[in-house]
Amino acid sequence: MKIIYDARWLPLDGKFDGVGRYSQELGAALATQPDVNITWLVHDGRQLELLPERPHIMGNKPDDIWAELHHLPSVLETANPDIVYSPFFLAALARGKYRLIVTIHDTIYYHYRTPPHWLPWYVRAAWWLFHAGKAPMRWLLDRADAVATVSDTAKQEILDWKLTKRPVYAVKNAVSSKFQAEPAQHISRASSNIVVHHGAVTPYKNVELIIDALPLVPDVEFHMLGRVPAARMRALTKRISDRGISDRVTIHNGVSDEELLTMLATCRCLISPSRIEGFGLPVIEAQLRGAPVICADTPIYHEVGGDSVLYVGTDDIEACANAIQQLADPHLSERLVEAGIKNAHTFSWDKSAAQALAICQSLRQI
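Right, let's walk through the structure included here. What you see is a predicted model, and the numbers here were worked out from it, not measured in a lab.

Section: the overall build of the protein chain
Secondary structure assignment for the protein chain yields 15 helices and 13 strands. Taken over 366 residues, the protein chain has a buried fraction of 57%. Accessible surface, the protein chain: about 15,300 Å² in total, of which carbon and sulfur atoms supply 53%. For the protein chain, the separation between the mean place of its 37 positive charges and that of its 41 negative charges on side chains is 6 Å.

Examining the pairing of strand β9 (residues 221-224)
Direction of pairing for strand β8 (residues 194-197) relative to β9: parallel, over a ladder of four bridges. In the sheet register, V195 faces β9, and the bridge partner there is F222. For the segment spanning β8, helix α8 (residues 207-213) and β9, crossover handedness is right-handed. Here three bridges tie β9 to strand β10 (residues 249-251), and the two strands are oriented parallel to one another. The residue bridging M224 from the neighbouring strand is I251, located in β10. What joins β9 to β10 is helix α9 (residues 230-242), and the crossover it makes is right-handed.

Some points on the packing of aromatic side chains
Overall, the coordinates contain 12 aromatic pairs when judged by the stated rule. Where Y109 meets W127, the ring centres are 5.3 Å apart and the plane angle is 90°; that geometry is what we call edge-to-face. In this pair, Y109 sits in helix α4 (residues 108-111) while W127 sits in helix α5 (residues 121-130), placing the two residues 18 residues apart along the sequence. Each of the two residues, Y109 as well as W127, counts as buried. Here the basic side chain of K134 rests over the ring of Y110, its NZ or CZ set 5.6 Å away from the ring centre. Over the face of the ring belonging to W161 we find K134, whose NZ or CZ atom lies 4.6 Å from the ring centre.

Observations regarding the pattern of salt bridges
Tallying each qualifying case throughout the model produces 19 salt bridges. Of the charged contacts in the structure, one is a salt bridge between R8 and D6, with a shortest N-O distance of 2.8 Å. No difference in accessibility class separates R8 from D6, as the two residues are buried. The closest approach of N and O atoms between E285 and R21, which form a salt bridge, is 3.7 Å. Here E285 is found in helix α11 (residues 281-288), whereas its partner R21 is found in helix α1 (residues 18-31), with 264 residues between them in sequence. According to the relative accessible area criterion, E285 is buried, its value standing at 3%. Given the relative accessible area of 5%, R21 is considered buried. Through salt bridges that share partners, R21, K178, D257 and E285 make up one connected network.

A word on the sheet that holds strand β4 (residues 83-85)
Strand order in the open sheet made by the seven strands is β3-β2-β1-β4-β5-β6-β7, with parallel pairing throughout. At either margin of the open sheet sits one strand with a lone partner, and together these are β3 (56-58) and β7 (168-170). The average undirected angle you get between the axes of adjacent strands in this sheet is 25°. Alignment of strand β5 (residues 99-103) against strand β6 (residues 146-149), held across three bridges, turns out to be parallel. Bridging from a neighbouring strand, V102 pairs with V147 of β6. Here helix α3 (residues 72-79) sits on the sheet and contacts β1 (2-6), β2 (37-42), β3 and β4; the angle it forms with β3, its principal contact strand, is near 155°. On the sheet, helix α7 (residues 152-160) packs against β6 and β7 and is oriented at approximately 165° with respect to β7.

Here we look at the side chain of S86
Tracing the backbone shows S86 in the loop between β4 and β5. We classify S86 as buried; its relative accessible area is 1%. A distance of 3.1 Å separates a polar atom in the side chain of S86 from a polar atom in the side chain of D6. When neighbours within four sequence positions are excluded, S86 is seen to be in contact with D6, W9, A91, I101, V102 and T103.

Quick word on the sheet that holds strand β12 (residues 293-296)
Taken together, six strands build an open sheet; the order of strands is β10-β9-β8-β11-β12-β13 and the sheet is parallel. The sheet terminates laterally at β10 and β13 (310-312), the two strands that pair on one side only. Ignoring which end each strand starts from, the neighbouring axes of this sheet average 20° apart.

A look at the packing of α1 against helix α15 (residues 349-364)
Contact pair α1 / α15: the axes reach a minimum separation of 8 Å and the direction vectors enclose 75°. As judged from the angle between their axes, α1 and α15 are roughly perpendicular. The segment α1 lies against α15, with Y22, E25, L26, A29 and L30 engaging W349, D350, S352, A353, A356 and L357. Considered class by class, the residues forming the contact of α1 with α15 number eight nonpolar, one polar and two charged.

A look at helix α13 (residues 317-326)
Within α13, burial applies to C320, A321, A323 and I324. In a view along the axis of α13, the buried residues occupy a sector of 160°, so they form one face of it. On its buried face, α13 is in contact with β8, α8, β11 (269-272), β12 and β13.

Quick notes on the rules
- Residues numbered from 1 in each chain as written.
- Predicted model: local features only at pLDDT ≥ 70, side-chain atom pairs only at ≥ 80, totals over all residues.
- Heavy atoms only, no water.
- Helix = DSSP H or I, 4+ residues; strand = E, 2+ residues; numbered from the N terminus.
- Buried < 20%, exposed > 50% of the residue type's maximum accessible area, 1.4 Å probe, protein only.
- Areas by Shrake-Rupley, 256 points an atom, 1.4 Å probe, with all protein chains shown as cover.
- Lys, Arg positive; Asp, Glu negative; His and termini not counted.
- Charge placed at Lys NZ, Arg CZ, Asp CG, Glu CD.
- Pairing = 2+ DSSP bridges.
- Right-handed = clockwise from strand over helix to strand, strands pointing away.
- Phe/Tyr/Trp six-rings, centres within 6.5 Å; stacked < 30°, edge-to-face > 60°.
- Lys NZ or Arg CZ within 6 Å of the ring centre and 35° of its normal.
- Salt bridge = Lys/Arg side-chain N within 4 Å of Asp/Glu carboxyl O.
- Axes fitted to C-alpha atoms, helices over the stretch in contact; angles between N-to-C directions.
- Contact = heavy atoms within 4.5 Å.
- Polar contact = N/O pair within 3.5 Å; in protein donor to acceptor, adjacent residues only side chain to side chain.
- Parallel < 35°, antiparallel > 145°, perpendicular 65-115°, else oblique.
- Nonpolar A, V, L, I, M, F, W, Y, C, P; charged D, E, K, R; others polar.
- Arc of directions from axis to C-beta.

So this is what it looks like as structure tokens:
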């Protein structure tokens, strides 16, 4: 089976967001599946350095809507694939004479319509208008032959909102083996005074809960690892100053994989208090690295974390502070480390690639 895999969402600066990480890991796992002839679609040759060596074709940057509509379909048709598989839904704009699978990671932007800050202003404006109602997404997803998403929770919300007439499948997120901790890294988590948050620092990520809890835990430092939009940076810096904790908070504004691995190997815990997620990949990345996790008490985190994490309400400042303090207990910390590693191993990119391949095979038979 000849699959063209859309790898245009891989970052050029080495700082991955959720879509970029999903793109890399699922693509690499698909390339190892038997009887698969995979070709990468990239817009920059440097993206090939992040993938196994396979043939490739060059396309436009995915935020070039004109090229996406009028140029990319002919590029893909010339390659004569059985399937075009994209880890993002915008590829449905490039509809041609091939079977197409696209991925919608979540429905977050119907709850919080602020667009990704790194996009050009005109794309952000179009993004906001696109999510003003559900009709544009329905039109776009229905241009594909099948729709994938990253969790059962996200799948159910897509079905509940009737976002597409196409079949919807869960091709779940997973965690790279690079996060595997050395045995020594499982020791002395309780004695660490570092707590971390990893992921984009958009409003729904709710890092305010951690900031507000920090005055109640005076011996702890907080490291915010994700990228922070300029407007958010000003608001968060003021909030941190108002709480009198500026000397205990570090805003990294994006980290490399190496920096992330180091932080996860030495922290007391990762805290993920997001109000809504499609999956919540930082949870199992931290767990595989041997870090205990505190999560928001929401359906998606129960799907991903089960009984291997501590849960707190999204607005419960005292509960968040208490959870951080509880993880200074070496017995509780070690129990969550062991449960977390076991939980993280239930998610596998090989399983996800097999799920993706099954969708491809079902479409090929139609």
